[in-house]
Amino acid sequence: MKASNGDPRLVVLGDLNTMGMWYPTDRKADERVPAALELEALAAAAKAAGMKLLPKTAPATWSNPTGTMLGDLDHVVASEGLAIAGPVEVKGWQQLEGAARKQFIQETSDHGSLGLAVP
């Protein structure tokens, strides 16, 4: 608190698995919540806590090995008062194509790296 002059600073980042949730019900066919609504709920919860869901440079942060399924699973949530220079940089397989992309996903990571600058 002293370093931030009494204004707490917090950054949460990582794989939040925002892929759509299944709500448990008594029926076999549970109602699915679309990923977009889950992201809206995450942004609303962040705002209620004095935080914000930061924009990213890539719409997809995860891929299956063949590249046929993409997901926006990784996010950064930061305190409202925290100055962030630009959107969150997503780096990794997103900058590659074809065989190089497939090899990166299989051998390095199926998630992109998240980076941000805090002046």
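The model shown is predicted, which means the values in this text are computed figures rather than measured ones. (Residues numbered from 1 in each chain as written. Predicted model: local features only at pLDDT ≥ 70, side-chain atom pairs only at ≥ 80, totals over all residues. Heavy atoms only, no water.)

Draft legend 1. A look at unusual backbone geometry. Even without being a glycine, Asn17 presents a positive backbone phi close to 50 degrees. Considering the arrangement of structural elements, one finds Asn17 in the loop between β1 (11-15) and β2 (21-22). (Helix = DSSP H or I, 4+ residues; strand = E, 2+ residues; numbered from the N terminus.)

Draft legend 2. Focus on the nonpolar core. Within the largest apolar cluster, eight residues are counted, these being Leu54, Ala58, Val76, Ala78, Leu82, Val88, Val90 and Leu114. At the level of elements, β7 (74-79) and β8 (85-91) are the ones that each hand at least two residues to this core. (Core = buried A, V, L, I, M, F, W, Y, C linked by side-chain atoms within 4.5 Å. Buried < 20%, exposed > 50% of the residue type's maximum accessible area, 1.4 Å probe, protein only.)

Draft legend 3. Spotlight on the pattern of salt bridges. Inspection of every chain in the model, using the stated rule, returns two salt bridges. One salt bridge in this structure joins Lys56 and Asp72, with 2.7 Å as the shortest N-O distance. Of this pair, Lys56 sits in the loop between β4 (51-53) and β5 (62-63) while Asp72 sits in the loop between β6 (70-71) and β7, placing them 16 residues apart in sequence. In this structure, Glu89 engages Lys91 in a salt bridge whose closest nitrogen and oxygen atoms are separated by 3.9 Å. (Salt bridge = Lys/Arg side-chain N within 4 Å of Asp/Glu carboxyl O.)

Draft legend 4. Helix α1 (residues 35-48), seen in detail. Between its first and last C-alpha atoms α1 spans 20 Å; for 14 residues at 1.5 Å apiece the expected length is 20 Å, and the two agree. Looking one or two places after α1, you find Gly50, whose phi comes out positive at around 75 degrees. (Expected span 1.5 Å × (residues − 1).)

Draft legend 5. The arrangement of the pairing of β7 in detail. Counting buried positions over the six residues of β7 gives six, a clear majority of the element. Bridge analysis of β1 against β7 gives five bridges, and the strand direction is antiparallel. Counterpart to Leu13 in the pairing with β7 is Val76. The pairing of β4 with β7 spans three bridges and is classified as antiparallel. Across the sheet, Leu53 pairs through a bridge with Val77, a residue of β7. (Pairing = 2+ DSSP bridges.)

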